[in-house]
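Here are the chains, one letter per residue:
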Amino acid sequence: MLKKIFVNLPTKDLEKAKSFYTALGYSMNPDFTDEDVACVVISDEIQVMVLVEPLFRRFTQRDVADAT
């Protein structure tokens, strides 16, 4: 049985995040990438959804951690 894993991560700067993952050799799925979210394809089974913080906040009632 195939399983898919989607990891959702917040970001303050989507373009910088996309550049980071692209530099690591990953591609973006254009069907699920726009000005607020990027879908990073890690493998056929794993994708990372990088969302700008305002959009990410709509999915949780918890505070977004300050990663600095």
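The following refers to the structure shown. (Residues numbered from 1 in each chain as written. Predicted model: local features only at pLDDT ≥ 70, side-chain atom pairs only at ≥ 80, totals over all residues. Heavy atoms only, no water.)

## Brief notes about the layout of surface pockets
Empty space within the largest pocket amounts to approximately 420 Å³. The wall of the largest pocket is formed by 17 residues, among which Pro10, Thr11, Lys12, Glu53 and Ala67 lie closest to the centre. Every element with two or more residues in the lining of the largest pocket is listed here: strand E1 (5-11), helix H1 (14-23) and helix H2 (53-57). No other element matches H1, which puts four residues into the lining of the largest pocket. The residue makeup of the lining of the largest pocket, split by class, is nine nonpolar, two polar and six charged. (1 Å grid on protein atoms, 1.4 Å probe; cavity = no way out; pocket = protein on both sides within 12 Å on 5 of 7 lines; lining within 4 Å. Points joined across faces, edges and corners; volume = space filled by probe spheres on them. Helix = DSSP H or I, 4+ residues; strand = E, 2+ residues; numbered from the N terminus. Nonpolar A, V, L, I, M, F, W, Y, C, P; charged D, E, K, R; others polar.)

## Some thoughts on the sheet that holds strand E2 (residues 27-28)
The four strands are arranged E1-E4-E3-E2 in an open sheet whose pairing can be described as mixed. Only two strands of the sheet have a single neighbouring strand rather than two, namely E1 and E2. Where E1 and strand E4 (residues 46-52) come together, seven bridges link them in parallel fashion. Each residue of the ladder has a partner; that of Val7, found in E4, is Val48. (Pairing = 2+ DSSP bridges.)

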